[in-house]
Amino acid sequence: QLQLVESGGGLVQAGGSLRLSCAASRSTFNSYVMGWFRQAPGKERGFVVAFSGIGSSPYYADYAKGRFTISRDNAHPPVYLQMTSLNPEDTAVYYCVAGLPRPFGSRRSYEYDYWGQGTQVTVSS
């Protein structure tokens, strides 16, 4: 069983930065690809970024390109999400996810088997 625990959320002013962390059970970490989703108030969970395969490059939602960066050491947890140039529209609960590798990756939340409890990110204007 893979367990995911996020941390690093908080309140930040527009234009600021945050780094989220996702701690994972090391024993099964290497078998899964990792990613991040988010859910804003009143909206469905949406894709942020993920890896398609072990050792592959990440792919981002359009709004995240150039502002957000995911990183991981393939041998060791945790996984990080560095977020810069934050704006109020980035306010959401951010979830770390893990799923099986897929040839072209996935932006669909139901294709990720494991989810963390989420961490709140609030960006003030």
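Up top is the structure.
Residues numbered from 1 in each chain as written. Predicted model: local features only at pLDDT ≥ 70, side-chain atom pairs only at ≥ 80, totals over all residues. Heavy atoms only, no water.

A. Seen up close, the state of the cysteines. Per the stated rule, a full pass over the model turns up one disulfide. Disulfide pairing is shown between cysteine 22 and cysteine 96; the S-S distance is 2.0 Å. The sign of the S-S torsion, about -80°, decides the handedness of the disulfide formed by cysteine 22 and cysteine 96: left-handed. Of this pair, cysteine 22 sits in strand E3 (residues 18-24) while cysteine 96 sits in strand E9 (residues 92-99), and the two are 74 residues apart along the sequence. Cysteine 96 sits in the buried class, given a relative accessible area of 0%. (Disulfide = S-S within 2.5 Å. Helix = DSSP H or I, 4+ residues; strand = E, 2+ residues; numbered from the N terminus. Buried < 20%, exposed > 50% of the residue type's maximum accessible area, 1.4 Å probe, protein only.)

B. Layout of the packing of aromatic side chains. Within this structure, the stated rule accounts for seven aromatic pairs. Seen from their ring centres, phenylalanine 37 and phenylalanine 47 are 5.6 Å apart, and the 80° between their planes marks the pair as edge-to-face. Within this pair, whereas phenylalanine 37 is found in strand E4 (residues 33-39), its partner phenylalanine 47 is found in strand E5 (residues 46-51), the two being separated by 10 residues in sequence. The buried category is assigned to phenylalanine 37, whose relative accessible area is 1%. Residues tyrosine 95 and tryptophan 115 carry aromatic rings whose centres are separated by 5.8 Å and whose planes lie at 70° to one another, so their mutual orientation is edge-to-face. Here tryptophan 115 lies in strand E10 (residues 114-115) and tyrosine 95 lies in strand E9, a separation of 20 residues in the sequence. (Phe/Tyr/Trp six-rings, centres within 6.5 Å; stacked < 30°, edge-to-face > 60°.)

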